[in-house]
Structures are given as C-alpha cells and as structure tokens.
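# Commentary on secondary and tertiary structure
Spelled out, the chains give:
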Amino acid sequence: MIPPMLAANPQLDRWVSFQPDGRARIAFGRVEYGQGTVTALAQMAADELDLPFERLNVVPAATGDVPDEGLTVGSMSLEMSGWAIRTAAAEVRQLFLAAAAGRLGCAPGELEVRDGTMLRDGAPTGLDYWSLAADVDLARPATGAAPLKSRDRFTRMGESQPRLDLPAKLFGQAFLHDIALPGMRHARVLRQPGRNARLAGLDEALIRRAAPGVDILVEGSFVALICASEAEAARAHAAAERAARWQGAADLDPALSEPQAFKAMPHQTFEAGAPRQEGSNRRRITASYGKPYISHGSLGPSAGIAQYDGAKLTIWTHNQGVYPMRALAARITGLAPDAIHVIHAQGPGCYGHNGADDPPIDAAIIAVRRPGAPIRVQWRREDEFGHAPVGTAMLMELSAELDPSGRLVDYTAEIWNTPHTGARGTAVAEGALPGYRAPGQAPQRLMPDGTRFSGGLLNALPSYDIAATRTVEHVIEPPPIRTSSLRSLGGAPNTFAGESFVDELAEAAGQDPLAYRLAMLSDPRGRAVLTRLAELCGWAGRGAAGTGQGLGIAYDRHRNRGAYVGCAALLTVDTEVRLTRLWCVCDGGLIVNPDGAKNQLEGGMVMAASWALKERVQLGGAGVASITWDDYPILRFSEVPPIEIELLDAKDARPMGLGEVSQGPVMAAIGNAVAHALGARVRDLPMTHDRIAAALLRE
Amino acid sequence: MPQAIEFSLNGTATRVEAEPGELLLDVLRGRLALYGARFGCGAGQCGACAVIVEGEVVAACQAEMGGLAGKSVTTVEGLGAAQDPHPLQAAFLELQAGQCGYCLSGILVGAKALLDRNPDPSRAEIAAALDWHLCRCGVHNRVMDAVALAARRMRAKTGFAGAAA
C-alpha cells in the first residue's frame, strides 16, 4: 500500500532530490514548532538514503516548495509523514542503485549505498547520488514498491539526534516575530467584544491624537490601525478601544465557565456501542468528572506578516501548515490560491489550534486593502488569551457495572463537550467585514472503520478487556466561545476521568488498583508497561490512604491504537497539592529519536500536571475574562518535580506519535494520588485549594 | 522629547535617541535589531524579555529608557554566539534543554545572573531564581539540569571549590 501522504504528493522529487552543492534536498509538509518532528523525519530520510545527517538540506516549509500534508496535528507526523518519506527515500535509493548497476554492468544486488556513495563488494565504485543524478529522473510518481529498511539495518533511526531547530533558539534568533522586512508597517486590529458585536461609531480624531501617523482602516466592523512602529500601533490601539462604540456586545455569564453548564445548552447527541441493558441486578457505580476550558497558553502571542503587490499575496506564518493557511487566506481575501504564497517560520509552541492562524489573516485582510508595504500584526498577550480558540470544557459522566467478583463488565461514558476540531475560523467574526465568509464547520470526519470521528470520544473507553461498552456524546453547538483543538483533544480529559473511575471501582471491589487493572488487561505490551511502572514507583510499598502523602498510577493505550503509557505520581497534600515525583513508562513502538521522545513525554507530563492542578479559563464579559498570566497561572519551576521516564521496546516496526500520549495518564495518576493522600476524591479539575476542601467536607 | 541616552549594551558603549518613557524591549527589537529578548506579555509576568541591568534581572518590557543612562545592560546576545557559546548555551544544547525555545532567551539571562552571584546553586536555588520565567513546553527539568551542568563546568574552569563545608 502506498502511504496516503505519498499518494497525495506522488512525485518523488517533491520529497527528495540531489542539489549541485553535494547535499540532498529533503522536504516535508509537516512543520516544526519545537516538538522535534522535522529532526526525526530527517533521521528517517537519512537512514533510508544511507546519507550522513549533515548532507541533508531540510527545506523550510513554503507553498510550492514542500509536499502538501495538510496540518501538523494529532501527533501523526512520524507515523504518517514518516511512512511517506521513508517510502519515497527507499524508492529513490533503489532507483539510484539500478542506475549505478547500469553504468557498472552488474546486478543492483551487488551494490550498496554508504554515506551516499555506491559500493560494490565493499569497494568504492566512484559513483554517488550526485554523479548519478543526471541518469535518474525523479520527476516521476512513486510506486511505493521499494521495501523499507528492517530495524536491524537502521543506522540513524533509534539514535538520539540533536534537534535541527534548537541552536538558533539559544542564540536569540529563529522566530517569525524577528523578521523585519524593508518598509514594514505594524498593524493592530480592534477586536469585537463578542462575535455578534457591530461597530456603531468610532472617534477617529481621538485615535489620531494618540498616534498622529496612524492609517485607520474601517470596513464594516473591522477596524485596523496601521502605523510605522509597534509602539505607535500600541498607542493607536489603546486609543481605539476608547474611541469605539459597539452594539450587541456579548456579556457572558461567568457560570458558563463550568462544564456543568453544558446541560442547558443546545446540543446534538450521538450514541455508539453495545445496547443498554436495563434491569441488570449487577452492582452499578456512577461518578461525574469535570474539566474546564483550557488555554493553549503559548508563551509568545501569535504574529504574522502579509504583503500584497497588487497581484500576489505573500504570507509569513507560524501556524500548523502552509497549505491550509493558503486555503484560509484565499477564502477570506477572495484571491485565487495560485495568487497566494505562504512561508512558514518558527513560532512559540502552539499545542494545537491556538491563535497562530489569526494575525497572518488579520495582516492579509489589511494587506490586500493597502498594497505595497509588508503588514506585520503582533497579537498582544490579551489577544492570545482572549481571542484565540481554547480547548473545550468537558463533563464526563461514567457508569459501570461490576460482576459479583468485582470485575468491570459493563461501561458507559456519557460526555458533554463542544467540538474539539473542525473550527478553522478566525478571530474575524462572520459579518464583521462586508462580503467576508467565515469558514464553515468542517464536514463529519470518519474513522478508518467508517464510524464517526469525534475528538471528544478519544480514550472515552478505558483500555481494558470489558465485555460491554458504550458512549453517549453530547456536542454543544454553537459553543459559547471559540473552541478548537488542544493537545490530545478529549483524550487526556477522558483518561483522567476513566482512570480515576477505575481506581474508584477497585476501591468498591476491595481490590488493589494495580492488581485490579492487571486482571482486566490481557495485552502483553500494556501489562509490561504497568508492571514496570509499579516497580519504578515502588507501588508495593504504597502506604495507607489519608495520610497526606499519596501515590497514584494510571494507564491507557493512546486512542486505543497507539502508544501504551503508564504514569505514576507521588505527592503531598495539605491545603495545596505538591508534586514530589512523577514517572512515565511508555511503549511507543519504533522510537526514531529516543531523546526527542523523552522530551515530548516529559513536556506533556508537565503541561498536564499544570492542567490538573492550576488551569481554568474564566468566561465573562465579551468572552474570555482570564487574559493575563495572573488570571491564568501555570506550573512554575519550583513546582515541577523530578520526572523519570523509561521507554520499553517491543520491537514494533511502526512508530507511534508521542506528543500527546502522556497527558491523560499523568492527570489521572495525580488524581489518584490526591485521592490516596486525602482519602477523598476530587473529580473536578483543576484540583485547587477550594476543591480539595470541598472534597474533604463531602466525605 | 527624545534625548540621547548612553549606556553599555553587551559590553559595548551604545547611544540611542529615545523618549525617556520608551521601553527597552521596543528599542532592542526596534532600532537596535536585537531580537533575543522576546515579547511575551508586556506586563513583566512571563520573563521572556528578561535582560540583566547592573546585575539584576529585569523585564525589558517594563524598563524605561530614561532609567538606563550610564547603566550596563546584558541581553542573551551578550552571552555567546554559535561559534563561541557561553557555557550555559553549550549545556542547554548538550542536554537539549528546549522545545519551542521562546522562553529560552530570558531563562538563559536569568540563569547567567544567578551564576554570577551564586556559582554553586542547589536545585532549589535554581528553581527559585527561575521561578518568574514561564515555560509552556515543560522543559523545566532539562533547564535546571543544564544550569547545574554549566555551573559545574564554570567552577571547574575558575577553580571555585564551593562554599566551605
């Protein structure tokens, strides 16, 4: 089977070609945002081509220069893009070996490639990729027929490789935010106070007094302030906020911040799984868990640049994919996609669909109305918190039936959430700009087996052998604020709920949480992960509950098809939770870059620990009311505990994405450790002082 | 009214015409074209724009030019360059202490100020010194390990034997 990404971009030289400077040109449609994707993909290409890493030229992503692989999402890059680049590179290698054999008058099987040169019986032939380049036309579609290297022949994959993008970031360079183009102008957009707000008046004289050189662009309810410097744009924007009168501004009830509010909102319901069994006399246990809206919290507010010369629009972006940005800009500006060129540059970590799409679109809207100068839009911290999409809140009502032995035999997950994906709209509301057509909701996505895909259902069912399972999902439309994809979608919240619940079931059954899990887990890879985790964290020495010190574990198989992950947490609780130590054991299939894998697993654990203990987007007023780091605290250096990570190798040939697999297990491990420490369970995130007190009172 | 403000920037005598109330971050990223100090919040809450002024770590987004006359300012560009990295930068590279990297300029500057006053910090002291700096990717442990590694190497080089027992 030809990999889907290669089928979509079949021409081999879209992926691999040989440059006159003695390097191989390698191109991916996936982009780097600090997760190490491009380095790991380059390792895969280097290995299949038998090239030294230093001889690769990995080209920056830009439309036309790289294959179209859509968005860099879902931790699917190594699996999907990696499969494509390996297949393409293996075929290129095979074509060059055939060409060398033709020149030498021998069979291709007598030849091998080492460091880009062709050897015959281990001896140099004088031929290499570059001297043969004229013999092989790579402007041909891939067949997908060349075999990939087996693991025993790897030379680069499986070795820790320093990241290609990191050095520049340590020497004060690297980011889109640092691009200064000749004649560049700085713009800010006045954001509407709510999606339905309309501009009723603007005192332009007030703005000009604050920023005499400002160019004010008003079209419908879209107001942009265009200035010679960032500082002047800031003054103009601050004045414009006072100078604008709005009709229909939103005034959200802060109570909508809580996931329990979903039950009163319009929604669609989707049921799947085993039929319900009414009238069972088995023991039934229920519990309800909540997770608030969570901000991506990128450290740098998003930025973008656009320049229109009257015919061609060029956009610089740090978003998740240059081709989707081109499609979005075409829709919004009315230009043909061919008239738009999109260049990717490094940005702050996004962890999903944050504000990265928005400033380049703001800039593009302005640029087509002000041709000539490059237009730079730098969002403020308040914009990134207040106007970027956030991860949806979730309410998870779980119900289980235990047989007389206490074993879990029937499981129902009933979930309330807004859509996790599909909202590629922008901060410019439909109706704000005359003629502006906001992108609609993406069409229903299907799983490979034809069932409905929903981010809210990822890991909704625990990763154990359970006789009967079902899901009921309520999807709120429209959401009260902009929501879109956040690292793991519903996966991590669902695992928090499900693995907390499994601990509660073990307690109800009077069994040890580890033994309870192992008794319903037949998959040997999962068992290996849990067993090793128990050894590492000292599970056998776990003390009594209710002492103020807690040890908890949790496990899942990501999306029930990816990596096997177990996490443990050791912590203390007095008025607040204090993490002492965290562990992670992961079988992630084929590990391409072990150090990069550990970095991703650990980063996911720290972020999710922060979600579990601290984070909560507050709604109110025009939308999001928590718009500074004071309103939205995250875990700090003094609060991050030592973390131990171990990778298990089950000799799998397939890599599994690791960017979002550790969050769910670590949140649940923390929840279970808090319950162990307190002798009382906190079911609503974040596990703050007030919620701990409430849980203790309830017991 | 703009005035000529003279200060030392990364060891070089520097003179800029600036309004006294203009922010150092705008001047660095604007007419001085030094992009290491990063805009993160504009409120002194995240540490992404940290610089050292007279030995103290400050937020360049809060420092006004009028207060800098005659003072010494160090940005991440003053630590080292790719060909000649500061031991901190070398240690961060060696331990791959970074993901997106947006926080790293400020953290490197904060770590330099720490090691300047305490060449042998404990993990708790490193955490306390960097506590103002936010990192969203979760590389805190690698960062703390890298700071400790750099400190160890710098002590070995200078013959510093640590505090008397």
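See the structure shown above.
Residues numbered from 1 in each chain as written. Chains lettered and ligands numbered in written order. Predicted model: local features only at pLDDT ≥ 70, side-chain atom pairs only at ≥ 80, totals over all residues.

It is worth spelling out the environment of Asp357 of chain A at this point. All names here are of chain A. By the element assignment, Asp357 lies in the loop between strand E16 (340-344) and helix H8 (358-369). The sequence separation of Asp357 and Ala388 amounts to 31 residues, and the corresponding C-alpha distance is 8.9 Å. Residue contacts for Asp357: discarding those within four places in its chain leaves Asn319, Met325, Leu328 and Thr426. (Helix = DSSP H or I, 4+ residues; strand = E, 2+ residues; numbered from the N terminus. Contact = placed C-beta atoms within 7 Å.)

Here the focus is the packing of helix H2 (residues 87-94) of chain B against helix H3 (residues 104-117) of chain B. All names here are of chain B. Relative orientation of the contacting elements H2 and H3 amounts to 130°, with a least axis distance of 10 Å. The angle between the axes of H2 and H3 places the two elements in the oblique class. In this structure, H2 crosses over H3, and the sense of that crossing is right-handed. Contacts between H2 and H3 involve Leu88, Gln89 and Phe92 from the first element and Leu104, Leu108, Ala111 and Lys112 from the second. In the contact of H2 with H3, the residues fall into 5 nonpolar, 1 polar and 1 charged. (Axes fitted to C-alpha atoms, helices over the stretch in contact; angles between N-to-C directions. Parallel < 35°, antiparallel > 145°, perpendicular 65-115°, else oblique. Left-handed = near helix turned anticlockwise from the far one by under 90°. Nonpolar A, V, L, I, M, F, W, Y, C, P; charged D, E, K, R; others polar.)

Right, let's get into helix H10 (residues 491-508) of chain A. All names here are of chain A. Here H10 spans 25 Å end to end across 18 residues, near enough to the 26 Å set by a 1.5 Å rise per residue. Across the 18 residues of H10, 15 count as buried, placing the element largely inside the fold. Positive backbone phi, approximately 70°, marks Gly510, located one or two places after H10. (Expected span 1.5 Å × (residues − 1). Buried ≥ 20, exposed ≤ 12 C-beta atoms within 10 Å, placed from the backbone.)

What follows concerns the interface of chain B and chain A. In this complex, chain B contributes 44 residues to the contact, which on the side of chain A involves 46 residues. For the side of chain B that touches chain A, the secondary structure elements donating two or more residues are H2, H3, helix H4 (123-130) and helix H5 (140-158) of chain B.

Residues and elements named next belong to chain A. Here the residue pair Glu477 and Pro478 is connected by a cis peptide bond, since its omega of -5° sits within 30 degrees of zero. For Pro478, the position within the fold is in the loop between strand E20 (468-476) and H10. Residues Leu685 and Pro686 are joined by a peptide bond in cis, for which omega reads -5°. Considering the arrangement of structural elements, one finds Pro686 in the loop between helix H14 (663-678) and helix H15 (689-698).

Let us look at H8 of chain A. In a regular helix each residue adds 1.5 Å, so 12 residues correspond to 16 Å; H8 of chain A covers 17 Å between its end C-alpha atoms and thus fits that length. For H8 of chain A, the full list of buried residues reads Asp358, Pro359, Pro360, Ile361, Asp362, Ala363, Ala364, Ile365, Ile366 and Ala367 of chain A.

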